[in-house]
Amino acid sequence: MSALAKNYNRRKIAFKKGKGSFLYSTNGKKYLDFVQGIAVNSLGHSNPYLINSMYKQAKKIWHVSNAFIIPEGEMLAKRLTKKTFADSVIFQNSGAEAIEASIKVARRYFYSIGQIKKNRILCIKNSFHGRTIAAINASGSKKMQEGFGPKIDGFDHFKFGDHKSLKKAINSKTAAIMVETVMGEGGIKVIPDWCLRELRKICNKKKILLILDEVQCGIGRTGKFFAFEHAKVKPDIVPIAKGIGGGFPLGAVLMTKKVASGMIPGTHGTTNGGNPLAMSVGNAVLDQIFKKGFIKNVQKTSKYFHNELNKIKINYPKLIKEVRGMGLLIGLQLFNDPTKFIKKLQDNKLLTIRSGENTIRILPPLNVKKSEIDIAIKIIKKVCEEF
Ligand SMILES: Cc1ncc(COP(=O)(O)O)c(C=O)c1O
């Protein structure tokens, strides 16, 4: 009998080791892991470079406190700002914390310029921003909020794709619009480039901030460092997590100089966030992702993967509705509930995970090999045939 609480619906499978794209179960089976900790292990399992970097750091210093200067964090922040829209970074431990901090940054900015009443955050109904109290209220999902009342104020919602309701929902108290650039839990729904550009325009016109949640789709996953780069828009605030830690708990908020100006000493903090060990892993992940050709390769392998999946879709038009997503954030949308399909994939040694709207999420590591994609394609074809 497990002493763990029952808040997860766990599959009856455990692993003893992982290597690259593969996981090895405690009962001796080898699986192609296209879950990768839900888009976390950007460089696969047991990446030798990450292990070495972490080991080196672990021997020097793990944790001090944000009461002191942390050179590894200074370096990671410099590298993130040099490569992106951002001027400033606050490190966290997880995605939900990065969301919380993003909301605080937006509110604090307006507070700092004397617009105290401008504090509401406008989000997509039934989006996903994590599981803390603020995040479930931001998500606007009744299911996630059930039993966790009282509902907290400060969030408004509009329907995905409904531009009229979005414009109507903005009022004098709106501080920011916060959306996932690609809705990871909600069915791998991509916000089209023109919509993102429109969002930017609306924010400029209304003098409000644009927060793009890149917790799942950021750090190279879509074939650009950030998914919003495809649309050539510049947000004001970007929460990140998952891929930047490569499996080590790490989150961050990236922001412009303008909005960062409200975050004066004492306004936000975390004990563990940004510690030397986490920062050294983050730097090691960037060493790999910023390597010449790394992200180009994500574009190449993902294009191949999407093409192959679309070929399968053509052969099974009554089973597969759509191949969704961008880069290696892939959604295979079925016409019906995908639970059995996912189980059959697993029985054939391919691990995937469900998302909303009958969609199966396929999340290989960013350094996945073409030969590994071929294995996955073969298994998916087999399961389609048997279905
Ligand atoms: C888009 C998005 N935002 C926020 C979160 C929350 O991240 P975490 O689970 O690290 O708290 C997630 C997690 O899946 C996510 O996909």
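Residues numbered from 1 in each chain as written. Predicted model: local features only at pLDDT ≥ 70, side-chain atom pairs only at ≥ 80, totals over all residues.

Let's talk about the domain arrangement of the chain
By a widespread convention, an interface's size corresponds to the accessible area lost as its parts come together.
So, point 1. What the domain assignment lists for the chain is domain 1 (15-46 + 294-386) and domain 2 (49-289).
So, point 2. Computed over C-alpha atoms only, the centres of domain 1 and domain 2 are separated by 27 Å.
So, point 3. With 27 residues of domain 1 at the contact, the number on the domain 2 side is 28 residues.
So, point 4. For the side of domain 1 that touches domain 2, the secondary structure elements donating two or more residues are helix H1 (36-39), helix H11 (294-315), strand E13 (320-326), strand E14 (329-334) and strand E17 (359-362).
So, point 5. Residue classes in the side of domain 1 that touches domain 2 are distributed as eleven nonpolar, 13 polar and three charged. (Domains from an automatic or database assignment. Contact = placed C-beta atoms within 7 Å. Helix = DSSP H or I, 4+ residues; strand = E, 2+ residues; numbered from the N terminus. Nonpolar A, V, L, I, M, F, W, Y, C, P; charged D, E, K, R; others polar.)

Quick word on the pairing of E17
So, point 1. Residues Thr 359 and Arg 361 point to one face of E17 and Ile 360 and Ile 362 to the other, with burial holding for every one of them.
So, point 2. The sheet contact formed by E14 and E17 spans four bridges and is antiparallel. Note on E17: the bridge partner recorded for Gln 333 is Thr 359.
So, point 3. Here strand E16 (residues 353-355) pairs with E17 via three bridges, running antiparallel. (Buried ≥ 20, exposed ≤ 12 C-beta atoms within 10 Å, placed from the backbone. Pairing = 2+ DSSP bridges.)

Remarks on the nonpolar core
So, point 1. In this structure, Ala 106, Ala 176, Ile 177, Leu 209 and Val 253 are the most contacted members of the largest nonpolar core, which totals 107 residues.
So, point 2. In terms of residue count, helix H4 (residues 95-112) provides more of this core than any other element does, nine residues in total.
So, point 3. In contact with Ala 176, not counting residues within four places along its chain, are Ala 106, Ile 121, Ile 208, Leu 209, Leu 210 and Ile 211. (Core = buried A, V, L, I, M, F, W, Y, C linked by C-beta atoms within 7 Å.)

Topic: the packing of helix H3 (residues 71-83) against helix H10 (residues 276-289)
So, point 1. At their nearest, the axes of H3 and H10 sit 8 Å apart, and the two run at 35 degrees to each other. For the pair H3 and H10, the crossing hand works out as left-handed. Residues Glu 72, Gly 73, Met 75, Leu 76 and Arg 79 of H3 lie in contact with H10, whose contacting residues are Pro 276, Met 279, Ser 280, Gly 282, Asn 283 and Leu 286.
So, point 2. The residue inventory of the contact of H3 with H10, partitioned by class, reads five nonpolar, four polar and two charged. (Axes fitted to C-alpha atoms, helices over the stretch in contact; angles between N-to-C directions. Left-handed = near helix turned anticlockwise from the far one by under 90°.)

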